[in-house]
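Close look at the chain arrangement
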Amino acid sequence: MTLITRRGLILGAPALLAGCDRVAQIPAARAILFKGEDMHRGLQRALTDRAALAPEFRPDQRSPFFRPNGTRDPGTPEYAALAAGRFADWRLQVGGLVSRPLALSLADLTQFPNRAQITRHDCVEGWSAIAKWQGPMLGSVLKAAGLRDAARYIVFTCADLFGGEHYYESIDLIDAFHPQTILAWALNDRMLPVMNGAPCRLRVERQLGYKHAKYLMRINAVADLAGTGRGRGGYWEDNVDYDWYAGI
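Residues numbered from 1 in each chain as written. Predicted model: local features only at pLDDT ≥ 70, side-chain atom pairs only at ≥ 80, totals over all residues. Heavy atoms only, no water.

What about the overall build of the protein chain?
Note the threshold: Helix numbering and strand numbering both begin at the N terminus, where a helix is a DSSP run of H or I of at least 4 residues and a strand a DSSP run of E of at least 2. The criterion used for residue contact is that any of the two residues' heavy atoms lie within 4.5 Å. Accessible areas in this description were obtained via Shrake-Rupley with a 1.4 Å probe; residue shielding takes into account the shown protein chains only.
Counting secondary structure elements, the protein chain contains seven helices and 11 strands. Counted over contacts in the protein chain with a minimum sequence separation of 6, partners at least 24 positions apart contribute 70%. Looking at the protein chain as shown, the accessible area adds up to about 12,400 Å², and 58% of this sits on carbon and sulfur atoms.

Laid out in structure tokens, this is it:
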């Protein structure tokens, strides 16, 4: 009997996506596929402890090099100007369904209680790496902004461009308030390098790497995902039919 692991499914995902591409273009088929995703998310939520922590590792277990996933440098004039000034003028906008919109500098982020964690990054491309990340918990920032009762999802907009549009991702409030979900400004005890998402990136440790949005510029609290991209809540979800819920 062949044992099928989640990692095996992840590695085989591109072939599966390619084979299902024609079927996925049919609206009724897409609806069925997305319903299956909802079932998977609901089942995993039901069977796992929502507060369970992703494994953490010792300092000596860190990978010698943390390779970049996705974009290595946004390459836009706006981002280049921010990087040239060592991100002194960068501000993370926090808005949407909040009572107190925020514009946070790097110095502001360091004033929040910061969490440091050594975790494994699992990429949908099939590689993994272990590194130390540091930054405030996303939940602390959302509380400071006064999250409204109507909010159900958190949407991240980034500085890098894909197909002419800014990269975007989203998570629900369960993951947003998980203690290991942080806005990381440091990697392995140094300021985050450009190739790894400077000046700040999301770490949502119980999901695959494409959910860990880099080059963060804006965080919006929303009631639903209908107005995010083409309605599925993330760039790859909208364009390559990746699962919105990428729990591992």
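There is more to say after this.
Quick notes on the side chain of Q180
Along the chain, Q180 falls in the loop between α6 (173-176) and β7 (181-184). Leaving out residues up to four positions away in the same chain, Q180 has contacts with L53, A54, E56, R115, Q117, T119, R203 and E205.

Here's the deal with the nonpolar core
What counts, and what does not: By convention a nonpolar core is built from buried Ala, Val, Leu, Ile, Met, Phe, Trp, Tyr and Cys residues, the set being connected through side-chain atoms within 4.5 Å. When a residue's accessible area, from a 1.4 Å probe over protein chains only, is under 20% of the maximum for its type it is buried; when over 50% it is exposed; and in between it is partly exposed.
L138, F156, L183 and L216 are the most contacted members of the largest nonpolar core, which has 54 residues in total. Membership of the second largest hydrophobic core comes to five residues, among which are V155, V222, L225 and W244.

With respect to the pairing of strand β3 (residues 114-122)
On a regular strand, each side chain points to the face opposite its neighbour's, so the side chains alternate between the two faces of the sheet. Applied cut-off: DSSP-based pairing: two strands are paired if at least 2 bridges between them are found.
Bridge count for β3 against strand β4 (residues 128-136) is nine bridges, and the pairing is antiparallel. Residue pairing for β4: T119 is matched across the bridge by A131. Between β3 and β4, which pair antiparallel and follow one another directly, the connecting turn spans five residues, one of which, G126, has a positive phi of 110°.

Some words on the confidence of the model for the protein chain
The following threshold applies: Residue-level confidence of the predictor is what pLDDT reports, using numbers from 0 through 100.
The pLDDT averaged across the protein chain works out to 86; a share of 80% of its residues lies at or above 70. Under a pLDDT of 50 for its full length, residues 1-34 has, in the predicted model, 26 contacts with residues more than four places off or in other chains.

So, the packing of aromatic side chains
The condition is simple: The pairing test for Phe, Tyr and Trp rings, Trp by its six-membered ring, is centres within 6.5 Å, and the orientation test on the planes gives stacked under 30 degrees, edge-to-face over 60, and tilted for anything in between.
Counted by the stated rule, this structure contains 13 aromatic pairs. Look at F66 and W133: their rings are 5.1 Å apart centre to centre, the planes differ by 90°, and that puts the pair in the edge-to-face class. Taken together, the residues span a long stretch of sequence, with F66 in the loop between α2 (27-47) and α3 (77-84) and W133 in strand β4 at a distance of 67 residues. Take F66 and W133: they sit in the same class, and that class is buried. Ring plane angle 80° and centroid distance 5.6 Å describe the contact between F162 and W236, whose orientation is recorded as edge-to-face.

Some points on the sheet that holds strand β9 (residues 190-191)
Spatially, four strands are ordered β3-β4-β8-β9 in an open sheet, and the strand pairing comes out antiparallel. Strands with a single pairing partner mark the edges of an open sheet, and in this sheet they are β3 and β9.

Notes on the pairing of strand β5 (residues 153-162)
With eight of 10 residues buried, β5 lies mostly within the body of the structure. Across seven bridges, the pairing between β5 and strand β6 (residues 165-172) is antiparallel. Paired with T157 across the two strands is Y168, which belongs to β6. Where β5 folds back on β6, the antiparallel hairpin that results is connected by two residues, among which G163 adopts a positive phi of roughly 60°. For β5 and strand β11 (residues 216-222), the ladder comprises six bridges, and the chain directions are antiparallel.

Some points on unusual backbone geometry
The omega angle of the peptide bond from A198 to P199 is 5°, so this bond is cis rather than trans. Inspection of the secondary structure assignment puts P199 in the loop between β9 and β10 (201-204). In the Ramachandran plot, F87 falls in the positive-phi region, its phi being about 65° despite a non-glycine side chain. Structurally, the position occupied by F87 is in the loop between α3 and β1 (92-96). The class for F87 is buried, based on a relative accessible area of 10%. With a phi close to 70°, D189 is a non-glycine residue in the positive phi region.

A look at the pattern of salt bridges
How we decide: Salt bridge criterion: a side-chain nitrogen from Lys or Arg within 4 Å of a carboxyl oxygen from Asp or Glu.
A full pass over the atoms with the stated rule returns 11 salt bridges. For R115, the salt bridge goes to E56, with nearest N and O atoms at 2.6 Å. Here R115, found in strand β3, pairs with E56, found in the loop between α2 and α3; they are 59 residues apart in sequence, far enough to count as distant. The partner of R230 in a salt bridge is E165, with the nearest N and O atoms 3.1 Å apart. Of this pair, R230 sits in the loop between β11 and α7 (235-240) while E165 sits in strand β6, and the two are 65 residues apart along the sequence. For E165, a relative accessible area of 24% corresponds to the partly exposed category. Among the charged side chains, a salt-bridge network with shared partners connects R62, K132 and D189.

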